[in-house]
Each structure stands twice: as C-alpha cells, then as structure tokens.
2 protein chains.
Amino acid sequence: MVAELLPPERVLMGPGPSNVHPHVLRAMSTPLLGHLDPAFLTIMNETMDLLRKVYQTENKLTIAMSGTGSAGMETVFVNLVEPGDKVIVGVNGLFGTRMVDVAERCGATVVQISAPWGEIIEPQKVKEALDSHPDAKLVAVVHAETSTGVRQPLEKISEIVHNTDALLVCDMVTSLGGCPTEIDKLKIDAAYSGTQKCLSAPPGLAPVTMSDRAVEVMNNRKSKVQSWYLDLSMIVSYWGEERSYHHTAPITMAYSLRESLRLIVNEGVENVYARHALYGEALQQGLEAMGLKLLVNKEHRLHQLTSVCIPEGVNDAKVRSRLLEKYDLEIGGGLGELKGKVWRIGLMGYNARQQNVTLMLSALEDILLEEGASIEQGAALSKANEVLKKCVLV
Amino acid sequence: MVAELLPPERVLMGPGPSNVHPHVLRAMSTPLLGHLDPAFLTIMNETMDLLRKVYQTENKLTIAMSGTGSAGMETVFVNLVEPGDKVIVGVNGLFGTRMVDVAERCGATVVQISAPWGEIIEPQKVKEALDSHPDAKLVAVVHAETSTGVRQPLEKISEIVHNTDALLVCDMVTSLGGCPTEIDKLKIDAAYSGTQKCLSAPPGLAPVTMSDRAVEVMNNRKSKVQSWYLDLSMIVSYWGEERSYHHTAPITMAYSLRESLRLIVNEGVENVYARHALYGEALQQGLEAMGLKLLVNKEHRLHQLTSVCIPEGVNDAKVRSRLLEKYDLEIGGGLGELKGKVWRIGLMGYNARQQNVTLMLSALEDILLEEGASIEQGAALSKANEVLKKCVLV
C-alpha cells in the first residue's frame with residue numbers, strides 16, 4: 001500500500017510559494033460546488049469584487065485565470081497581441097526575459113529595453129523606445145521583479161506610455177497584496193499576478209485585470225486568440241452574466257482565493273501594505289547590520305522580497321540546505337545571471353510578521369557562522385527590533 | 001466585514017466536478033512545500049508512478065499539467081502540432097468540436113470525421129480518412145465523450161492508425177480512473193485527462209501521458225511551441241532529473257492528485273473499474289425501469305456518465321433546479337445540440353456507490369412526478385437493487 005502524504009512542515013521564506021494562511025488551508029477542505037451552481041456563481045462574483053479591492057481598480061474584467069502566474073502572463077499577451085504587432089518589454093530580470101519569450105511566441109516583434117538585473121527600467125528609456133517605435137501596441141514592465149527584488153516605479157512610465165496610443169502592461173505577481181498596485185490611479189491597462197506570494201494562497205490561479213481600453217483592443221482583434229484555454233473572449237462569458245460554460249473552473253482554488261482576499265480586505269489593504277513595509281524594513285536593516293549586502297539600492301527595494309548578496313567564499317547550496325535541514329526554513333537561490341550570487345528572502349502575506357523576521361535573522365546568522373562566514377555577530381536581531389519598536393501597526 | 005465561505009453541501013452527480021473524496025479534501029489542507037523542496041520532488045515522483053498505474057502505462061512522460069482538462073487538451077495539440085500539419089479529428093460531441101478548434105488555433109489543417117452525437121466514430125471512417133489523407137500527423141478521438149456518455153472503442157482505430165505513421169491521441173477526461181484506459185496495450189500515443197471526474201479530486205490539474213514516439217515527434221519540431229506555459233520541452237525538465245524551474249507548480253493540487261491516485265491504486269484499478277461498472281449498470285437499468293430512454297445504445301454506453309433523454313413536456317431547467325433545491329443534488333444539462341434534450345448523470349470515483357444510486361433514482365422519480373411526467377412509479381429502485389444483488393464487489 002502506498003503511504004499517506006506526510007510532508008515536513010516548512011517556513012517558506014523564499015520568493016514564493018509563501019506559507020498559506022491557516023484559514024485559507026481550512027477553506028480548501030470545503031466540499032465542492034459545481035462550476036455552474038448558483039452558489040458558486042455568487043462566490044465568483046464575490047471574488048471579483050474582492051479582487052478589485054486588492055488590485056485597487058474598478059475594472060469590470062478582473063478575474064482569476066485557471067493556471068499559475070505564468071498563465072496570467074500568457075493570458076495578457078495572447079489576448080492583446082496579434083502576429084506582427086510590435087511590443088516594448090522592459091528586461092531587468094528573469095520575468096522580463098520571460099515576457100519577451102511569451103510575446104515572441106504570439107508572433108510579436110519585440111523591442112527590449114534592458115537594464116542590469118537589480119536595477120529599474122529608467123522611464124527615459126521607455127520614452128526613447130516609444131519615440132523610435134511609435135507604432136508599439138503595448139509596453140510591458142515588471143512591477144515587482146521576483147528574480148531581483150526590484151520595485152519598478154510606474155508613475156512616470158505610465159505618463160509616457162499614455163502620451164501615445166500604447167497600452168501599459170504590468171507583471172504584478174509579487175506585488176499584488178504586498179504593496180500598492182493602484183491599477184486605476186496609475187492607468188495600468190493590463191496586469192496579472194499569482195496567488196502564492198502576498199495573497200497567502202497556494203499557487204494555481206492567476207488574477208488578471210484589464211482596463212476598458214484593453215478590452216476594446218481585444219474586441220477589435222482580427223485573428224483568433226492562439227490559445228483556446230486562455231481566450232478571454234470566451235472566459236468573460238463564464239465570469240459575466242451569460243455564465244456560458246468554457247472549462248471547469250478549479251473550484252477549490254477559487255475557494256482559497258476568495259478566503260485569502262477576504263482576509264486581506266478585512267485587515268484593510270493599507271494595513272496590509274504597512275505590515276509588509278514594516279517587517280520587510282526590519283528584516284533588511286537586520287541583514288545589513290549582520291554585514292550582508294543587499295542587491296537592490298534602498299530606493300527601489302521591495303519590502304516583500306529581498307535579494308541578499310552571498311558573501312565571498314560561502315557555499316550557496318550548502319547554506320540553503322542547512323537552513324532547510326536544521327530549521328525547516330526555505331529561502332530561494334538566484335535565477336539566471338544571479339544564480340550563485342544572491343539569496344532571495346520573502347516576507348509575504350501571512351508570513352510578514354515578527355516571528356519570521358526573528359527566525360530568519362537568527363537562523364541565517366547561525367548557519368553563516370557554521371560555514372565560517374565573516375559576519376557581525378549579534379547585531380541583526382537588535383537592529384530589527386529597534387526598527388520594529390519605532391512603529392506600532394494598527 | 002466580508003463573511004466566511006459557507007457553501008451548501010451538494011451531491012455532485014453531473015458530468016463533473018464530482019464529489020471529492022474526504023481524504024483528498026483533508027490532504028488539501030496540508031501545509032505547503034516549496035516547488036523545489038526535495039520533499040516535494042519526491043511527491044512528484046510518487047505522483048508520476050501512481051499516474052502511470054492508473055493510466056496503465058510505462059510512459060516516462062506521464063505528468064500533471066498545471067491547468068484543467070482543457071489545458072491538457074491544449075498541451076497535447078500545441079506540442080504535437082506545427083503550423084501546416086494535417087490532423088484528423090473524430091467529432092461526435094462537444095469535446096471533439098473543441099479539439100478541432102484547438103488544433104486549428106495551432107495552425108493545423110483539420111479533417112473532421114463526424115458522427116451523430118450519442119454515437120461512436122466508426123473505425124472504417126478513420127480508415128477512409130487516413131486513406132484520403134495519408135500525410136495526417138495524428139488522429140484524435142474522444143475515449144469517453146462527456147457531452148454524450150459514449151465510450152469509444154479504441155482497439156480497431158489504434159490498429160488502423162498504427163498501420164500508418166500517424167499518432168493516436170485520446171481525450172480521456174471522463175475515462176481515467178473510471179474504466180480501463182490501457183495506454184500501452186492500445187498503443188495510444190498521447191492522452192490527457194482531468195482530476196475532477198473519476199479521480200475524485202478537485203478540478204485544476206490535467207494528467208497527460210505521451211509515448212516515446214510522441215516524444216520523438218516533439219523533439220523533432222521545427223518551430224517553437226506557441227504556448228510558453230504548456231511547452232513540454234521545458235516542463236519535462238522540471239518533472240525530470242534536471243528539476244529546472246519553469247513555473248511554480250500548484251502544490252496543493254499536486255497533494256490532492258497524489259492522494260486521489262493513492263486511494264485508487266490501494267483499492268486496485270480493476271476493482272475501481274468494476275465498482276463503476278456495477279453501480280453505473282444499476283443506475284442505468286433503474287432509469288430504464290422508470291421508463292426513461294437513455295441516449296446511447298447499451299454497447300457504447302459509459303458506466304460513469306449516463307445521458308438520459310428528457311421526457312416530452314418536462315421542463316429541463318425546472319427539474320434540475322428542483323433537484324438542487326430539494327435534494328442538494330446536481331445533475332448536468334445537455335451541451336451544444338443536446339441542450340434541452342438530455343440530462344447527464346455522473347457516478348464517478350468516490351460517488352460510484354450504493355447511496356448515490358438510490359438517492360438519484362428516488363429523487364429524480366419524486367421530481368418527475370412533481371412535474372407531472374408519465375413514468376413507471378416504484379420500478380427504478382427495485383430494478384437497481386436487483387442488479388446490485390447479483391454482484392458482490394471484492
């Protein structure tokens with residue numbers, strides 16, 4: 001007989017998945033409804049309303065696609081792009097690179113704006129690209145680069161893009177629910193995210209939102225969307241009043257999303273952002289007090305995800321294994337050109353709280369000492385607690 | 001404050017989703033592992049092994065795609081088909097129609113073999129199509145048509161297809177875990193399924209299996225797969241020994257699949273098929289004893305899904321609503337050209353047991369009498385019990 005599932009219990013402080021809120025885990029053992037049951041349709045409506053609050057938008061088209069965050073990325077590109085279209089993509093990390101790949105598979109001509117991994121895309125570069133390519137259909141940037149920990153400022157870029165006819169697309173996989181996304185205020189035309197980061201739900205759904213302008217672009221397509229599974233022209237008829245069957249919605253995942261959004265909205269989105277900022281700040285100052293260097297400069301650093309430069313002579317994989325073995329604590333390694341150069345530490349959603357800051361700083365210090373790294377001993381915790389003492393969350 | 005989730009508890013006897021096994025629901029509240037955690041990689045290996053047993057195959061490429069059954073369909077077509085390829089598709093229900101749509105979006109030239117909804121695709125027709133189109137790259141048929149309840153015999157078709165160089169693709173969304181799928185014995189080159197039917201897990205994953213021949217065809221592609229999200233050339237590197245990150249796997253859904261497969265393998269696949277056959281037979285004979293007509297002739301009828309012709313003068317939607325209101329019992333309506341003409345009753349996975357046969361026959365009889373239908377009163381239950389008495393399951 002095959003044995004029952006009994007995985008070790010981990011503290012997930014990598015770049016995601018993050019730990020699932022216990023209430024969300026509980027919601028996932030709720031018995032199923034059918035995907036056309038009137039009670040499930042109510043849950044879908046509630047989920048859309050909650051998602052609008054967390055995305056900070058009134059966009060009618062605000063739904064969850066039946067796949068992970070990468071399916072959300074593909075949804076935006078396959079629906080907005082037609083073969084031959086020109087698109088401008090900011091590439092300052094792995095997910096920008098991925099957008100280029102996805103867009104090219106849609107038959108787009110891609111103009112890349114590159115910046116070093118760990119830096120932002122400068123708005124001026126976007127202006128130059130649009131000046132050289134005034135026929136670009138959209139400009140895509142990553143709001144929170146999961147591979148580097150960079151927070152991309154969007155205000156100026158939005159202004160520049162909206163001085164043309166192009167649409168602004170944002171990857172918000174690691175930002176949704178972790179810092180302000182302000183879809184309407186920033187006039188973002190299309191955004192996608194995942195559920196396993198700051199929403200504290202398991203991976204498996206991709207929240208997507210589209211402005212009316214983006215919807216109009218989709219409605220004026222000349223060619224069929226190349227993906228049947230991700231074709232929004234059919235999927236909105238299921239989420240909308242027609243309730244036409246498209247595919248069987250992932251019911252349990254929908255339960256988990258509704259519950260995770262409910263917890264965020266009940267806590268208050270502004271409070272949730274403040275909590276991420278506070279504990280993220282404490283962790284980052286603690287890491288620096290330990291003598292570690294952070295990849296991203298302070299101004300453009302995400303609070304929910306921190307890239308730490310691996311100290312000279314320290315074995316990347318060994319440290320991560322030891323954290324997992326000794327503390328059941330997961331952190332992420334570097335991706336792409338940052339492989340072996342950084343660790344990525346997440347403090348996302350439910351995980352953004354005191355005990356995780358303390359655990360991470362203590363455990364990392366312990367293992368780094370084990371590995372003979374030269375660090376400032378005992379400084380991290382006191383620094384983090386000093387930051388935390390200055391601020392009381394409501 | 002937004003209220004907690006508290007949906008009504010339904011008996012799901014439509015075409016799927018079916019009720020989730022209580023052990024599977026329980027497994028879904030297991031805390032998450034990271035998608036690259038060694039403990040999760042072990043769970044993936046175990047899941048592949050279990051999936052091979054249930055698909056009845058030794059295929060190395062036997063994995064779960066991160067989407068619902070329709071994503072499984074799209075996976076097979078986007079990976080096997082290149083623009084300009086010719087494919088032959090059997091269309092005798094909605095899911096054949098969907099395959100045509102998906103294949104065309106991949107740039108395929110599609111040759112359709114049509115049969116009336118509720119009937120099988122005759123092997124002779126496949127032979128004729130292949131004779132006229134010897135350059136066809138693949139032949140696709142639906143093993144268990146969820147829109148009609150037809151079980152497509154595959155032996156002869158497989159023989160015919162394999163007398164040529166074409167690949168045989170099968171939709172097994174409603175057959176996997178409900179009746180023999182025999183991938184290796186029948187030389188099926190590619191199959192896909194869903195988790196929400198006979199596996200008794202929630203919707204959200206698409207088990208896919210591919211023969212070595214199909215893998216070779218993929219390896220010899222000239223063009224990139226048009227979907228990044230479903231590109232098997234990258235996804236197999238995550239499921240394989242390389243463990244390269246592609247997208248964040250839906251961890252909780254993976255838990256649910258492992259648990260559902262574990263329950264099936266521990267019960268024994270042959271026993272599971274026999275249980276579906278027995279209770280399905282009892283239900284079908286009960287329905288006929290009530291005086292209802294079944295859409296599909298006995299020889300080609302699935303046991304796990306039965307299409308019942310709606311009696312003259314009876315209001316389709318009213319009966320389904322009444323079953324839901326009064327009994328918390330869901331059955332499915334007809335799709336496409338069968339809309340308003342049939343009901344679809346599922347007895348899948350965990351649901352294939354005595355209490356559901358009895359509930360369905362009693363409740364349907366009650367509501368049909370409420371609606372003034374002329375049926376044979378009191379005959380259904382005794383007929384079903386007579387069938388069940390003749391057979392004892394191990």
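Residues numbered from 1 in each chain as written. Chains lettered and ligands numbered in written order. Predicted model: local features only at pLDDT ≥ 70, side-chain atom pairs only at ≥ 80, totals over all residues. Heavy atoms only, no water.

Draft legend 1. Examining the side chain of B:S147 more closely. All names here are of chain B. Relative to the helices and strands, S147 resides in the loop between β6 (144-145) and β7 (150-151). Of the residues examined, S147 reaches a relative accessible area of 0% and is grouped as buried. Looking at S147, its side chain comes within polar contact range of the main-chain nitrogen of L94, at 2.9 Å. A polar side-chain atom of S147 sits 2.6 Å from a polar atom in the side chain of E145. (Helix = DSSP H or I, 4+ residues; strand = E, 2+ residues; numbered from the N terminus. Buried < 20%, exposed > 50% of the residue type's maximum accessible area, 1.4 Å probe, protein only. Polar contact = N/O pair within 3.5 Å; in protein donor to acceptor, adjacent residues only side chain to side chain.)

Draft legend 2. Examining the interface of chain B and chain A more closely. Facing 73 residues of chain B, the contacting portion of chain A comprises 73 residues. Together chain B and chain A conceal approximately 6000 Å² of surface at their shared face, both sides included; 61% is due to carbon and sulfur atoms. Interface area lost by chain B to chain A is led by B:L5, B:R105 and B:W228, which between them contribute 13%. The tally of links from chain B across to chain A stands at 8 salt bridges. (Contact = heavy atoms within 4.5 Å. Buried area = accessible area lost by both parts, 1.4 Å probe. Salt bridge = Lys/Arg side-chain N within 4 Å of Asp/Glu carboxyl O.)

Draft legend 3. Quick look at the domain arrangement of chain A. All names here are of chain A. Partitioning chain A into domains gives domain 1 (22-266) and domain 2 (269-389). If you average the C-alpha positions of domain 1 and of domain 2, the two centres end up 28 Å apart. Where domain 1 abuts domain 2, roughly 2100 Å² becomes buried across the two surfaces, and 63% of that area is made up of carbon and sulfur atoms. Viewed at the interface, domain 2 and domain 1 are joined by 8 residue pairs in polar contact (both at pLDDT 80 or more). Listing elements by their share of the side of domain 1 that touches domain 2, those giving two or more residues are α2 (38-55), α4 (94-105), β6 (144-145) and β7 (150-151). (Domains from an automatic or database assignment.)

Draft legend 4. Broad picture of the relation of the copies chain B and chain A. At an RMSD of 0.0 Å, chain B and chain A line up after a rotation of 180° and a shift of 0.0 Å along the axis. Each copy turns onto its partner about a two-fold axis. Among all residues of chain B, the minimum C-alpha distance to the rotation axis is found for B:G67, at 2.6 Å. In this assembly the copies share their binding face: 100% of the residues contributing to the interface of chain B also contribute to that of chain A. (Least-squares fit on C-alpha atoms with pLDDT ≥ 70 in both.)

Draft legend 5. The arrangement of the sheet that holds strand β13 (residues 332-333) of chain A in detail. Residue and element names in this part refer to chain A. Spatial ordering of the open sheet is given by β11-β14-β13, a layout of 3 strands whose pairing is antiparallel. Two strands lie at the open edges of the sheet, namely β11 (305-309) and β13, each paired on one side alone. Bridge count between β11 and strand β14 (residues 342-346): 5 bridges; the pairing is antiparallel. Its bridge partner being in β14, V308 is matched across the sheet by W343. (Pairing = 2+ DSSP bridges.)

Draft legend 6. The arrangement of the pattern of salt bridges in detail. A full pass over the atoms with the stated rule returns 48 salt bridges over all chains. A salt bridge links A:D131 to A:K127; its shortest N-O distance comes to 2.9 Å. In this pair, A:D131 and A:K127 both sit in helix α5 (residues 123-132), 4 residues apart, roughly one turn of the helix. We note a salt bridge from B:E371 to B:K318, for which the minimum N-O separation is 3.1 Å. Linking B:E371 in the loop between α12 (354-370) and α13 (379-389) with B:K318 in helix α11 (residues 316-327), this pair joins segments that are 53 residues apart in sequence. Residue classification places B:E371 among the partly exposed positions, given a relative accessible area of 23%. One network of salt bridges, in which partners are shared, links A:R322, A:E325, A:K326, A:D366 and A:E370.

Draft legend 7. Molecular detail of the pairing of strand β2 (residues 61-65) of chain A. Residue and element names in this part refer to chain A. Counting buried positions along β2 gives 5 out of 5 residues, so the element sits mostly inside the fold. Burial of β2 is two-sided: the residues L61, I63 and M65 facing one way and the residues T62 and A64 facing the other way are all buried. Pairing analysis gives 5 bridges linking β2 to strand β10 (residues 206-210), with the strands arranged antiparallel. Directly across from L61, in β10, lies its bridge partner M210.

Draft legend 8. Summary view of the packing of aromatic side chains. A full pass over the atoms with the stated rule returns 0 aromatic pairs over all chains. Here the basic side chain of B:R353 rests over the ring of B:Y350, its NZ or CZ set 4.0 Å away from the ring centre. (Phe/Tyr/Trp six-rings, centres within 6.5 Å; stacked < 30°, edge-to-face > 60°. Lys NZ or Arg CZ within 6 Å of the ring centre and 35° of its normal.)

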